[in-house]
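Topology and contacts: notes
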Amino acid sequence: MKKLFIETLGCAMNMRDSEHMIAELNRRDSYELTQAVDEADLIIINTCSVREKPVAKLFSEIGVFNKKKKEGAKIGVCGCTASHLGEEIIKRAPSVSFVLGARNVSKINEIIDKKHAVEVSTDYDESEYDFAEYRSNPYKALVNISIGCDKQCTFCIVPATRGEEVSIPSELLVREISKAVEGGAREVMLLGQNVNNYGRRFSADEESCNFTQLLQKVSRIEGLERIRFTSPHPLHMDDAFLEEFASNPKICKQIHIPLQSGSTEILKAMKRGYTQEWFLDRCARVRALVPEATISTDIIVGFPGESDADFEETMRVLEAVRFEQLFSFKYSPRPHTTAATHTNQVDPAVASERLSRLQARHTEILDEVMDAQLGRVHKVYFDELKPNGRIAGRSDDGKLVFAEGSESLLGKIVDVKITKTSRGALDGIVL
Ligand code: SAH
Ligand code: F3S
C-alpha cells in the first residue's frame, strides 16, 4: 500500500477537494494517509491563494518537503495557487512533479505519472463528474453544490482560480447526500463560493432549481437531520430564502453573512452589489425571524481608499449586528484583481491598527455572547472523539461543544447542559 501525505490549506471547498483527490487516487491504487512527510510516496499540498501570505509560505514548504521526502516520492501542488501560478511553480521549484488546479481535481490520476505535468484550465467543467467516495468524517458530509464563482469582487482572486460558476445538478446532489446518510452522516454542509446563487447556470439539462428549492429537496432526504451551508452572498438573500432558513427545522440556525465592509462607498468599490442598509436589513430580518440564530461574517480592513470614516461605518455595523463570529483580514493585494491596481492603497500600519480595533471590540462582544451560554441546554451533534474520554460536536447554532463521553455518543444528537464557557468553545454535561 502506498502512503499519501496531504496538507489542506484554506476553505471548506479545499477540504472537499482533498477528499475528492484521495478518493480518486484510491480508485487506481490503494493509499494509506500518513502524517509523516518522510514516509510518504506522494506528497500533496492543496493550496489557498486568497491572501498573499500562504503563497509565500508555499515555496519554503516545498523546499522543506523536498529535503525530507524519501527517494522517488512525488510532490504535487494543487488548489488555487496551482491555478494561478501554473507552470511558474515548476520553474521556481523543479522538485514539484505536477501542478493541478482547483478546477481540475478529477484529473489527478491522469497527470500523476507525467513528469512536470500542469493541468490548470479554468474552463474545465467537472460539475457532473462522478467522484469516488471518501469522507474524512463519516458523521458530517461536505458536499460541493457549485464550482467557480461568477461574482467579480474587486479584491478577490477566486474567480480567476476557480473559473466560471456552474451548479451541480440537484439530482446528483441528492444522490450523493443520500449515500453519505447511508454511511452514517446525519449532517451535511453544502459548499460553494456563492451557495445561494445556486441554479443560475447548469451545464447539464437541469430542471430549474434555485438554492431555496435545493434546500427543500435536500431536507426531504430521510435520515438527514441537519443542513448547513457556506458561503452565501448577502445580495442573494431574498425573503423566500430567509423564510426557508427560518422555517425548515433541518436547517441549522447559523448563517454566514459576509459583510467585507460597512461603508457603502467601499462596498461599491469592491463591487459587492449591496449597501450598508441592505446588509443591516438582511441581518435584522434574520434576527426577527430566528432570534436564536447566530450570524458570522467576514470583514476586510484597509481596502484601497478606505478612510477613517469608512472604517467607522464598519465598526457601526459590528455594533448593530453583534456578530457571534468574525473572520477579519487585512486587505491583501492579489494578482488578477482590479483592486490591486488601485493607486489609493492604505498604509499597512493604519490597516493593522484598524484590524486590532475591530478584533478587540469583537472579542468583547464574543465574551458576552459566550458567557450568556452558561446553564443553557444545547442540542449537540457529536462527531469527534477527543483524548481522555472526551467528545466534541456542534450545537445547532454552530458552537463547538466538548463533553465527557465515549464512542457510543458519536453520530447522536443529544441535550448538553453548558457548565463552562470560553471564547472558542463551550463545555458541558450530557443530560
Ligand atoms: N465567496 C467566498 C469568498 C472566499 S474568500 C465566501 O464568501 O466565503 C474568503 C474570504 O477571504 C472573503 O470573504 C474575504 O473576506 C477574504 N478575502 C478575499 N480576498 C481577500 C484579499 N484580497 N485580502 C484580504 N482578504 C480577502
Ligand atoms: Fe470572491 Fe466575491 Fe466570489 S469574495 S469567491 S468573488 S463572491
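Residues numbered from 1 in each chain as written. Chains lettered and ligands numbered in written order. Predicted model: local features only at pLDDT ≥ 70, side-chain atom pairs only at ≥ 80, totals over all residues. Heavy atoms only, no water.

Okay, the site of ligand 1 next. In the vicinity of ligand 1 there are 14 residues, among which Gln193, Ser231, Gln260, Asp298 and Ser332 approach most closely. Residue Ser332 places a main-chain N or O atom 2.7 Å away from a nitrogen atom belonging to ligand 1. Elements with a minimum of two residues in the shell around ligand 1: strand E13 (294-301) and strand E14 (325-330). Here the shell around ligand 1 is built from residues that sort into six nonpolar, four polar and four charged. (Near = heavy atom within 4 Å. Polar contact = N/O pair within 3.5 Å; in protein donor to acceptor, adjacent residues only side chain to side chain. Helix = DSSP H or I, 4+ residues; strand = E, 2+ residues; numbered from the N terminus. Nonpolar A, V, L, I, M, F, W, Y, C, P; charged D, E, K, R; others polar.)

Moving on, we come to the packing of helix H8 (residues 211-219) against helix H9 (residues 239-247). Angle between the axes and distance between the axes: these two values describe a pair of packed helices. Running from N to C, H8 and H9 point in directions that differ by 25°, and their axes come no closer than 9 Å. Overall, the two elements H8 and H9 adopt an arrangement that is roughly parallel. Crossing angle aside, the handedness with which H8 passes H9 is left-handed. Of the residues in H9, those in contact with Phe211, Thr212, Leu215 and Gln216 of H8 are Ala240, Phe241 and Glu244. The residue inventory of the contact of H8 with H9, partitioned by class, reads four nonpolar, two polar and one charged. (Axes fitted to C-alpha atoms, helices over the stretch in contact; angles between N-to-C directions. Parallel < 35°, antiparallel > 145°, perpendicular 65-115°, else oblique. Left-handed = near helix turned anticlockwise from the far one by under 90°. Contact = heavy atoms within 4.5 Å.)

Turning our attention to the layout of surface pockets. In this structure, the second largest pocket spans a volume of roughly 440 Å³. As for the second largest pocket, its lining consists of 25 residues, and the residues nearest its centre are His20, Tyr129, Asp130, Phe131 and Glu176. Taken together, the elements giving at least two residues each to the lining of the second largest pocket come down to helix H1 (12-28) and helix H7 (170-182). Ranked by residue count, the leading element in the lining of the second largest pocket is H7, at five residues. Counting only domains with at least three residues in the lining of the second largest pocket, you end up with domain 1 (2-119) and domain 2 (140-371). (1 Å grid on protein atoms, 1.4 Å probe; cavity = no way out; pocket = protein on both sides within 12 Å on 5 of 7 lines; lining within 4 Å. Points joined across faces, edges and corners; volume = space filled by probe spheres on them. Domains from an automatic or database assignment.)

A few words now on the packing of H7 against H8. Viewed as axis vectors pointing N to C, H7 and H8 meet at an angle of 35°, and their least axial separation amounts to 10 Å. Regarding H7 and H8, the two cross each other, and that crossing is right-handed. Across the interface between the two elements, Ser170, Leu173, Val174 and Ile177 from H7 touch Leu214, Lys217 and Val218 from H8.

What follows is about the sheet that holds E13. Read from one edge to the other, the open sheet built from three strands follows the order E12-E13-E14, with strand pairing classed as parallel. Two strands close off the open sheet at either side, each with one partner strand: strand E12 (254-256) and E14. Strand-to-strand, the axes of this sheet are offset by a mean angle of 15°, without reference to chain direction. Pairing analysis gives six bridges linking E13 to E14, with the strands arranged parallel. Each bridged residue has a counterpart across the sheet, and for Ile299 the counterpart in E14 is Ser328. Each of E12 and E13 is contacted by helix H11 (residues 276-289), which is oriented at about 160° to E13, the strand it contacts most. (Pairing = 2+ DSSP bridges.)

One pass over the full model with this rule turns up 36 salt bridges. Lys140 serves as the salt-bridge partner of Asp383, at 3.4 Å between the closest nitrogen and oxygen. You can see Asp383 sitting in strand E15 (residues 377-386) and its partner Lys140 sitting in strand E7 (residues 140-144), a full 243 residues away along the chain. Since its relative accessible area comes to 31%, Lys140 is described here as partly exposed. (Salt bridge = Lys/Arg side-chain N within 4 Å of Asp/Glu carboxyl O. Buried < 20%, exposed > 50% of the residue type's maximum accessible area, 1.4 Å probe, protein only.)

We note that the domain assignment places domain 1 (2-119), domain 2 (140-371) and domain 3 (377-430) within the protein. Between domain 2 and domain 3, the residue contacts involve 19 residues of the former and 19 residues of the latter. Carbon and sulfur atoms make up 48% of the area that domain 2 and domain 3 hide from each other, which totals about 1500 Å². It is Arg186, Arg226 and Met370 in domain 2 that bury the most area against domain 3; as a group they hold 43% of the surface buried on that side. At the junction of domain 2 and domain 3, the tally comes to two salt bridges. Here Asp367 ties to Arg423 by a salt bridge, and the two come within 2.9 Å at their closest N and O atoms. Here domain 2 is connected to domain 3 by eleven residue pairs in polar contact (both at pLDDT 80 or more). Mapped onto the side of domain 2 that touches domain 3, the elements with two or more residues apiece are strand E11 (226-230) and helix H13 (348-371). Per element, the largest residue contribution to the side of domain 2 that touches domain 3 is six residues, and it comes from H13. Partitioned by chemical class, the residues of the side of domain 2 that touches domain 3 number five nonpolar, four polar and ten charged. (Buried area = accessible area lost by both parts, 1.4 Å probe.)

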